[in-house]
Amino acid sequence: QVQLVESGGGLVQAGGSLRLSCRASGSILSINAMGWYRQAPGKERELVAVITRGRTNYAASVEGRFTIFRDNAKNTVWLQMNSLKAEDTAVYYCNAEVVTGFPLASLEVWGQGTLVTVSS
């Protein structure tokens, strides 16, 4: 079993910064990609940023403001969010594509979500 535990959400004023973290634990052989998604009230879940072993990709709406980075040895990914806007308010979910050791399998795993609220 693999779990993703997120932290770092909260309330911040527009223009401020927050850093989210997500750590994977369990029977992990390797992690291919880790990413962050978000879901605002009344909207569908959308990709915010994803990082593979060599590349990063961002949603156009956060490009230049958010940075995703990971520590492979710690199975941890962070999302540094700067210049936050009211429209960034959402529940942020961590996602990982994990290869487990016992049994050998490839899984997509989600965290429980952490709320980010940006006041204008």
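Before reading further, recall that the structure is shown in the block above.
These numbers come from a predicted model, not from an experiment. In this convention, every chain numbers its residues from 1, walking through the sequence in written order. Confidence filtering applies because this is a predicted model: local features only for residues at pLDDT of at least 70, side-chain atom pairs given and counted only at 80 or more, and all residues used for totals across whole chains, interfaces and linings. Excluding hydrogens and water, the side-chain figures rest on all heavy atoms present in the structure.

Colleague: Looking at this structure, how should I read the overall build of the protein chain?
Modeller: Numbering of helices and strands starts at the N terminus; helices are DSSP runs of H or I of at least 4 residues and strands are runs of E of at least 2. Within the protein chain, the regular secondary structure consists of zero helices and 11 strands. Going from the N terminus to the C terminus, the protein chain shows its helices and strands as β-β-β-β-β-β-β-β-β-β-β. In terms of overall dimensions, the protein chain has a C-alpha envelope of 50 × 25 × 20 Å along the principal axes. The rule is simple: take the accessible area with a 1.4 Å probe, protein chains only, and divide by the maximum for that residue type; under 20% is buried, over 50% is exposed, in between is partly exposed. Relative to its full complement of 120 residues, the protein chain shows a buried share of 41%. Long-range contacts, defined as pairs at least 24 residues apart, comprise 56% of the intrachain contacts of the protein chain with a sequence gap of at least 6. Each accessible area value is a Shrake-Rupley result obtained with a 1.4 Å probe; residue values ignore everything except the protein chains displayed when judging cover. For the protein chain, the computed accessible surface area is about 6500 Å², with 50% contributed by carbon and sulfur atoms. Working rule for contacts: check all heavy atoms of both residues, and any pair within 4.5 Å makes them a contact.

Colleague: Which parts of the structure should I look at to understand the sheet that holds strand E8 (residues 76-81)?
Modeller: Two modes of strand pairing occur in sheets, parallel and antiparallel, and in both the strands are linked by backbone hydrogen bonds. We call two strands paired when DSSP finds no fewer than two bridges between them. The four strands lie next to each other as E1-E3-E8-E7, forming an open sheet whose pairing is antiparallel. Strand pairing shows two members of the sheet lacking a second neighbour, strand E1 (2-7) and strand E7 (66-71), which therefore form its edges. When the angles between neighbouring strand axes are averaged without regard to direction, this sheet yields 15°. Pairing between E7 and E8: six bridges, direction antiparallel. From the neighbouring strand, Ile-68 faces E8, where its bridge partner is Leu-79. Here an axis means a line fitted to C-alpha atoms, over the contact stretch when the element is a helix, while the angle between two N-to-C directions is reported on a 0 to 180 degree scale.

Colleague: Sorry, what's going on with the packing of aromatic side chains here?
Modeller: Each pair of aromatic rings taken from Phe, Tyr and Trp, with Trp reduced to its six-membered ring, is defined by centres within 6.5 Å and is described as stacked if the planes are under 30 degrees apart, edge-to-face if over 60, and tilted in the remaining cases. Inspection of every chain in the model, using the stated rule, returns two aromatic pairs. Arranged with centres 5.0 Å apart and planes meeting at 65°, the rings of Tyr-37 and Trp-110 form a pair that is edge-to-face. One end of the pair, Tyr-37, is in strand E4 (residues 28-39); the other, Trp-110, is in strand E10 (residues 105-110), and 73 residues separate them in sequence. By relative accessible area, which is 23% here, Tyr-37 ends up partly exposed. Taking relative accessible area as the criterion, Trp-110 reaches 33% and is therefore assigned partly exposed.

Colleague: Looking at this model, I keep getting lost on the pattern of salt bridges. Mind explaining?
Modeller: Pairing between side chains of opposite charge can happen when the charged atoms of each approach one another. What makes a salt bridge here is a side-chain nitrogen of Lys or Arg within 4 Å of a carboxyl oxygen of Asp or Glu, nothing more. In the structure shown here, the tally under the stated rule is three salt bridges. Note that Arg-38 is salt-bridged to Glu-46, the shortest N-O span being 2.7 Å. Given a relative accessible area of 6%, Arg-38 falls into the buried group. Here Glu-46 falls in the partly exposed class, since its relative accessible area comes to 35%. Where Asp-88 meets Arg-38, a salt bridge forms, and the shortest distance between an N and an O atom there is 2.9 Å. Of this pair, Asp-88 sits in the loop between E8 and strand E9 (90-100) while Arg-38 sits in strand E4, and the two are 50 residues apart along the sequence. The same class applies to Asp-88 as to Arg-38, namely buried. Residues joined in a network through salt bridges with shared partners are Arg-38, Glu-46, Arg-65 and Asp-88.

Colleague: Please explain the side chain of Glu-6 as it appears in this structure.
Modeller: Topologically, Glu-6 is positioned in strand E1. For the purposes of these results, a polar contact is taken to be a pair of N or O atoms within 3.5 Å, where, inside protein, one atom must be able to donate a hydrogen and its partner to accept one; residues adjacent in sequence count only when each atom of the pair is a side-chain atom. Engagement of the side chain of Glu-6 in a polar contact is seen with the backbone nitrogen of Gln-112, the distance being 3.3 Å. A distance of 2.5 Å separates the side chain of Glu-6 from the backbone nitrogen of Gly-113, its partner in a polar contact. Beyond its immediate stretch of four places on either side in the chain, Glu-6 contacts Ser-21, Cys-22, Trp-36, Tyr-92, Tyr-93, Cys-94, Gly-111, Gln-112, Gly-113 and Thr-114.

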